[in-house]
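# Architecture at a glance
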Amino acid sequence: DQQVKQNSPSLSVQEGRISILNCDYTNSMFDYFLWYKKYPAEGPTFLISISSIKDKNEDGRFTVFLNKSAKHLSLHIVPSQPGDSAVYFCAARRVQGNEKLTFGTGTRLTIIP
Amino acid sequence: DVKVTQSSRYLVKRTGEKVFLECVQDMDHENMFWYRQDPGLGLRLIYFSYDVKMKEKGDIPEGYSVSREKKERFSLILESASTNQTSMYLCASSEWVSETFGYGYTFGSGTRLTVV
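To start, this report covers the structure provided alongside it. Bear in mind that the values here come from a model prediction, so they are computed numbers and not experimental data. (Residues numbered from 1 in each chain as written. Chains lettered and ligands numbered in written order. Predicted model: local features only at pLDDT ≥ 70, side-chain atom pairs only at ≥ 80, totals over all residues. Heavy atoms only, no water.)

Going through the model one piece at a time under the given rule, you end up with 15 aromatic pairs over all chains. Seen in terms of ring centroids, A:Tyr25 and A:Phe33 are 4.6 Å apart; in terms of plane orientation they differ by 40°. Their pairing is tilted. Of the two residues, A:Tyr25 and A:Phe33, neither departs from the other in class, the shared state being buried. Between the aromatic rings of B:Tyr64 and B:Tyr89, the centroid separation amounts to 6.0 Å while the plane-to-plane angle is 65°, which identifies the pairing as edge-to-face. Here B:Tyr89 lies in strand β10 (residues 87-98) and B:Tyr64 lies in strand β8 (residues 64-70), a separation of 25 residues in the sequence. The same class applies to B:Tyr64 and to B:Tyr89, which are both buried. (Phe/Tyr/Trp six-rings, centres within 6.5 Å; stacked < 30°, edge-to-face > 60°. Buried < 20%, exposed > 50% of the residue type's maximum accessible area, 1.4 Å probe, protein only. Helix = DSSP H or I, 4+ residues; strand = E, 2+ residues; numbered from the N terminus.)

Remark on secondary structure: sheet strands pair via backbone hydrogen bonds, oriented parallel or antiparallel. Residues and elements named next belong to chain A. One open sheet accounts for 5 strands, arranged β1-β3-β8-β7-β6; its pairing is antiparallel. Each edge of the open sheet is held by one strand with a lone partner, namely β1 (4-5) and β6 (56-59). Where β1 meets strand β3 (residues 19-25), 2 bridges bridge the pair, whose relative direction is antiparallel. Opposite Val-4, over in β3, you have Tyr-25 as the bridge partner. (Pairing = 2+ DSSP bridges.)

So, on to the state of the cysteines. Within this structure, the stated rule accounts for 2 disulfides over all chains. The disulfide partner of A:Cys23 is A:Cys90, and the gap between their sulfur atoms is 1.9 Å. Across the S-S bond of A:Cys23 and A:Cys90 the torsion is about 60°, and the bridge reads as right-handed. With A:Cys23 in strand β3 and A:Cys90 in strand β9 (residues 86-94), this residue pair connects regions lying 67 residues apart in the sequence. Disulfide pairing is shown between B:Cys23 and B:Cys91; the S-S distance is 1.9 Å. Looking along the S-S bond of the B:Cys23-B:Cys91 disulfide, the torsion reads about -75°, which is the left-handed sense. (Disulfide = S-S within 2.5 Å.)

This part covers a nonpolar patch on the surface. Side chains of A:Ile18, A:Ile20 and A:Val78 sit close together on the surface and give an oily, nonpolar patch of about 220 Å² of accessible area. Structurally, A:Ile20 is set in strand β3. (Patch = residues over 30% accessible without salt bridge, like charges linked within 9 Å, V, L, I, M, F, W, Y side chains within 5 Å. Areas by Shrake-Rupley, 256 points an atom, 1.4 Å probe, with all protein chains shown as cover. Salt bridge = Lys/Arg side-chain N within 4 Å of Asp/Glu carboxyl O.)

What follows deals with the pairing of strand β9 (residues 73-78) of chain B. All names here are of chain B. Burial of β9 is extensive: 5 of the 6 residues sit out of reach of the surface. Relative to β9, strand β3 (residues 19-21) is paired through 3 bridges, and the arrangement is antiparallel. Bridge pairing links Leu-21 to Leu-76 in β9. Judged from the 5 bridges that link them, β8 and β9 form a sheet pairing that is antiparallel. Along β9, the bridge assignment pairs Val-66 with Leu-76. In this antiparallel pair of consecutive strands, β8 and β9, the connection spans 2 residues.

It is worth spelling out the pattern of salt bridges at this point. Tallied over the full model, the rule gives 11 salt bridges over all chains. A:Arg93 is paired through a salt bridge with A:Asp31; the nearest N and O atoms lie 3.9 Å apart. With A:Arg93 in strand β9 and A:Asp31 in strand β4 (residues 30-38), this pair connects stretches of sequence that are 62 residues apart. One salt bridge in this structure joins A:Arg61 and A:Asp84, with 2.8 Å as the shortest N-O distance. Of the two residues, A:Arg61 sits in the loop between β6 and β7 (62-67) while A:Asp84 sits in the loop between β8 (72-77) and β9, which places them 23 residues apart along the sequence. When its relative accessible area of 2% is taken as the criterion, A:Asp84 is described as buried. Salt bridges sharing common partners tie together B:Asp28, B:Glu30 and B:Lys71.

What follows deals with the interface of chain B and chain A. Counting residues at the interface gives 24 residues for chain B and 20 residues for chain A. Of the roughly 1,800 Å² buried at the junction of chain B and chain A (both faces included), carbon and sulfur atoms supply 56%. At the junction of chain B and chain A, the tally comes to 1 salt bridge. Measuring nitrogen to oxygen at the nearest pair gives 3.8 Å for the salt bridge that ties A:Lys100 to B:Asp59. Where chain B meets chain A, there are 4 residue pairs in polar contact (both at pLDDT 80 or more). Across the side of chain B that touches chain A, the residue classes break down as 12 nonpolar, 9 polar and 3 charged. (Contact = heavy atoms within 4.5 Å. Buried area = accessible area lost by both parts, 1.4 Å probe. Polar contact = N/O pair within 3.5 Å; in protein donor to acceptor, adjacent residues only side chain to side chain. Nonpolar A, V, L, I, M, F, W, Y, C, P; charged D, E, K, R; others polar.)

Shown next, in the form of structure tokens:
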């Protein structure tokens, strides 16, 4: 049962435009959401996160939006750069219990020069 | 910077072999994790450990076991490798960052295992 889903396996965006990556979750107990970026032959690296008490968090070119009622979050990258080409994973954490993360299925973003 | 080192970048093993994947972290983190990454399935948690000699099953523990004899080392063991265990294996460790952020994860570079 996939509790965190990224329905677009791949996305291509022109350099300089906005990239929007989407993520849906089913478990209403999740209270913290994170985005990781992964290059081939490297481990995932943390990008940006958002608490369930917020609806937006911004860090430079990256903004994450959270819609709790729809159980949906999105990552906006503006402007997109060639170095942003990677696989992006969203991840979620539950309120109680341990702090293990549940990851989504991933979206491969390709920035076209 | 925290380093999480996985001993092998690529491995090829035969069906039925016992396989050991090693992971070492250098920052005294208590929590360590093993994930596998497969296309269309994302990262799935196999096992994790909160302390030496402690382990808990993740979402897909079948066919795997783990060992944590020292704090810095977390080993994943495939008791009898099968072709459906061909995958990218990622080790991670985590530490408490803050009340607002929670735990921060650091991942290793991964081991691509092929079982033939």
